[in-house]
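The lines below spell out each chain.
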Amino acid sequence: MKKNEQYEITIEDISNEGAGIGHLQTDEGGLFAVFVKDAVPGDRCLVQLTKVKKSYAFARLMKLITPGEDRVQPLCKNAARCGGCTMMQLSYPAQLALKEKKVKDCLTRIGGVPAEELDAIMEPIERMEIPFYFRNKMQFPVGVDKDGRVQIGFYAGRTHSIIDLERCPIGHPVNDCILRHIRPVLQAEYDKDPNLIYNEESHTGLLRHILTRVGYTSGEVMVCFVINGEPEEFRESLRQKLADALQAAASEVVAGGGLAVTITGVSLNINKEKTNRILGDRTVTIFGADVIRDTLLGVEFEISPVSFYQVNPVQTEKLYKKVAEYAGLSGGETVWDLYCGIGTISLSLARQAKKVFGVEIVPQAIEDAKKNARRNGIDNAEFYCGKAEDVATDSHGTPDCVVVDPPRKGCDPKLIETILKLSPPKVVYVSCDPATLARDIKLLAAGGYRLQKAQVFDQFCHSSHCETCCLLTKANDSAD
Ligand code: SAH
């Protein structure tokens, strides 16, 4: 198989990055995987190989011969170019089926859970009723095109070229209004002073990103301008014009249930590094409050611009409810919530437990967690800053339930060892990466834990990602 050759193939699967995957038969009778951007499972298409490796190749979609049954017209006109939603050309039910299949495949292939056993214990994927307008956090890169027009939008898939965005159907609608109102302000200022907008290649210019966060239950919106400079370089006159534009934008929308949307805080984040990281280490508030409020399962949280907070509040409530169900608390238990972020899981469980301990590596998040406990009058939750694998040791007694919610790389092996040594009756594992989840489940299984229940949650509709919640118990204990 060589570059530029053309083949007809049928797409069978989709990669994490959203490319369609089909197979070609090699002369030796083996299967050769072909990744085709913009193709979806079920498509029969003519492709041209663009890059050929030993056992796989990348190809361009030349002609769609027969569209797959699940192919749909995406709601967003930028879907093909945007690096965010990689599956919008696939119907929502087909997206859900693929996510479930991906988790099942990982749990059987990597986790060693027999497929029949999995079929019996897995609950159907938790879908969104309306898989749009759900994201509470958006980050828009800012740049200028070759004609001097200010662009605020998104990076085209796998590149750093910025495409201007009119509307994004997965973010809160206030974002579209914000972009529409601040674009002319930035354009007028840029025409007077070209140094206003950041240029990634030359690492010059000031404004690099605009971040927004919306509290869906409070209607509060915070906007953060990420700048390559000191706060005073973001001039007072510009601040005022932007603040006016933001207020005008907010007045155009209402949140769910007729709740008014208000801009409650504007901040500057200082990032002078030549880096792909969006946020720098310093944030200063220039208008209003430095946090927004949001409520999950009756607990009110204050969230600062840089803290980790789940991006889909509707699905997060469902996920945390499932964590509580799997934990099955009756009031007398001690629970560890490892990788706790700002304490959202800890605090949503605290009222059903005797004591909750949260552990998290980011100091600011732990500060937020402690404040959030106080705000809600919860006095049986304690929070510790450090690595979960170092803080959680057998010197802290044996918990009745350990909840882990690690980042994509999964739990540290040392933590798995500690869990096995302590042998809590229940482990609830929340994961954003099915491969590392399956790896860890295998380790826990080797130590006597058995997967009792599992459910996939569609937190990131139209992308290939999902969350999975699992209950594991010691093999000789029952699930309830
Ligand atoms: N449970 C929280 C956060 C989950 S995200 C929620 O639902 O909102 C994973 C968290 O793990 C992040 O906050 C990250 O900062 C933290 N983290 C990453 N590595 C860690 C480690 N080794 N020990 C403790 N926390 C860690």
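Residues numbered from 1 in each chain as written. Predicted model: local features only at pLDDT ≥ 70, side-chain atom pairs only at ≥ 80, totals over all residues. Heavy atoms only, no water.

Trainee: Account for the site of the ligand, naming residues and giving values.
Mentor: In the vicinity of the ligand, 17 residues are found, and the nearest of them are Gln310, Tyr320, Glu360, Ala388 and Asp405. Isoleucine 361 is positioned with one of its backbone polar atoms (N or O) 3.2 Å from a nitrogen atom of the ligand. Within the side chain of aspartate 405, a nitrogen or oxygen atom sits 2.9 Å from a nitrogen atom of the ligand. The fraction of the free accessible surface of the ligand (580 Å²) that becomes covered by protein chains is 89%. Elements that contribute at least two residues to the shell around the ligand include exactly α6 (344-350) and α8 (388-391). (Near = heavy atom within 4 Å. Polar contact = N/O pair within 3.5 Å; in protein donor to acceptor, adjacent residues only side chain to side chain. Areas by Shrake-Rupley, 256 points an atom, 1.4 Å probe, with all protein chains shown as cover. Helix = DSSP H or I, 4+ residues; strand = E, 2+ residues; numbered from the N terminus.)

Trainee: Could you give an account of the packing of helix α1 (residues 92-109) against helix α10 (residues 434-446), naming the residues involved and the relevant values?
Mentor: At a minimum axis separation of 8 Å, α1 and α10 run at an interaxial angle of 30°. Accordingly, the angle class assigned to the pair α1 and α10 is roughly parallel. Relative to α10, α1 is oriented so that their crossing is right-handed. Taking contact as the criterion, the partners of Lys102, Val103, Cys106 and Leu107 in α1 are, on α10, Pro434, Ala435, Leu437, Ala438 and Ile441. (Axes fitted to C-alpha atoms, helices over the stretch in contact; angles between N-to-C directions. Parallel < 35°, antiparallel > 145°, perpendicular 65-115°, else oblique. Left-handed = near helix turned anticlockwise from the far one by under 90°. Contact = heavy atoms within 4.5 Å.)

Trainee: Help me get a handle on the sheet that holds strand β9 (residues 162-164), residues and values and all.
Mentor: In space, the 7 strands of this open sheet follow the order β9-β8-β7-β10-β11-β12-β13, with mixed pairing throughout. The outermost strands of the open sheet, each flanked by one partner alone, are β9 and β13 (282-288). For this sheet the average axis-to-axis angle between neighbouring strands, irrespective of direction, equals 35°. The pairing of strand β10 (residues 207-214) with strand β11 (residues 220-227) spans 7 bridges and is classified as antiparallel. Looking at the pairing, isoleucine 210 lines up with phenylalanine 225 of β11. Sheet contacts for helix α3 (residues 174-192): β7 (137-144), β8 (150-155), β9, β10, β11 and β12 (262-270); angle to β8, the most-contacted strand, approximately 140°. (Pairing = 2+ DSSP bridges.)

Trainee: Can you lay out the sheet that holds strand β5 (residues 56-66) for me, pointing to particular residues and giving the numbers?
Mentor: One closed barrel holds the 5 strands; their spatial order is β1-β2-β3-β5-β4, and the pairing between them is mixed. Across the sheet, the axes of successive neighbouring strands diverge by a mean angle of 50°, strand direction being ignored. Across 6 bridges, the pairing between strand β2 (residues 20-25) and strand β3 (residues 31-36) is antiparallel. Pairing of glycine 20 across the sheet is with valine 36, part of β3.

Trainee: Outline the packing of α3 against helix α4 (residues 236-250), listing residues and values.
Mentor: Between α3 and α4, the least distance of the axes is 8 Å, while the angle of their chain directions is 155°. It follows from the interaxial angle that α3 and α4 lie roughly antiparallel. Classified by chirality, the crossing of α4 by α3 is right-handed. In this structure, α3 uses Val174, Cys177, Ile178, His181, Ile182, Val185, Leu186, Glu189 and Lys192 to contact α4, whose residues at the interface are Leu238, Lys241, Leu242, Ala245, Leu246, Ala248, Ala249 and Ala250. When the residues that make up the contact of α3 with α4 are grouped by side-chain class, the tally is 13 nonpolar, 1 polar and 3 charged. (Nonpolar A, V, L, I, M, F, W, Y, C, P; charged D, E, K, R; others polar.)

Trainee: So, the side chain of glutamate 302: which residues are in play, and what are the values?
Mentor: For glutamate 302, the position within the fold is in strand β15 (residues 299-303). One polar contact links glutamate 302 to arginine 375, side chain to side chain, over a distance of 2.9 Å. Those residues in contact with glutamate 302 that sit more than four places away from it in its chain are Val291, Ile292, Arg293, Ile342, Asp368, Asn372 and Arg375.

Trainee: Can you break down the domain arrangement of the protein chain residue by residue, with the values?
Mentor: Size of an interface, as often reported, equals the accessible area lost when the parts are brought together. One can read the domain layout of the protein chain as domain 1 (6-71), domain 2 (95-130 + 312-474) and domain 3 (137-296). The C-alpha-based centres of domain 1 and domain 3 are spaced at 38 Å. (Domains from an automatic or database assignment.)

Trainee: Explain the nonpolar core to me, using residue names and the numbers behind them.
Mentor: Note on soluble globular proteins: their nonpolar side chains tend to be buried together. Core analysis: the biggest nonpolar cluster contains 88 residues, and Phe225 and Leu338 have the highest contact counts within it. A per-element tally of this core places α3 first, with 8 residues. Built from parts of two domains, this core gets at least three residues from each of domain 2 (95-130 + 312-474) and domain 3 (137-296). Leave out the neighbours within four places in its chain, and phenylalanine 225 touches Ile182, Leu207, His209, Ile210, Phe234, Leu242, Leu246, Val266, Ser267, Leu268 and Asn269. Grouped together as the second largest cluster of nonpolar side chains are 37 residues, Ile342, Ala373, Phe457 and Cys469 included. (Core = buried A, V, L, I, M, F, W, Y, C linked by side-chain atoms within 4.5 Å. Buried < 20%, exposed > 50% of the residue type's maximum accessible area, 1.4 Å probe, protein only.)

Trainee: Can you break down the environment of glycine 22 residue by residue, with the values?
Mentor: Summarising the element assignment, glycine 22 is placed in strand β2. Considering only alpha carbons, one finds glycine 22 and aspartate 368, 346 residues apart in sequence, at a separation of 47 Å. Not counting chain neighbours up to four residues away, the residues in contact with glycine 22 comprise Ile9, Thr10, Ile11, Glu12, Phe32, Ala33 and Val34.

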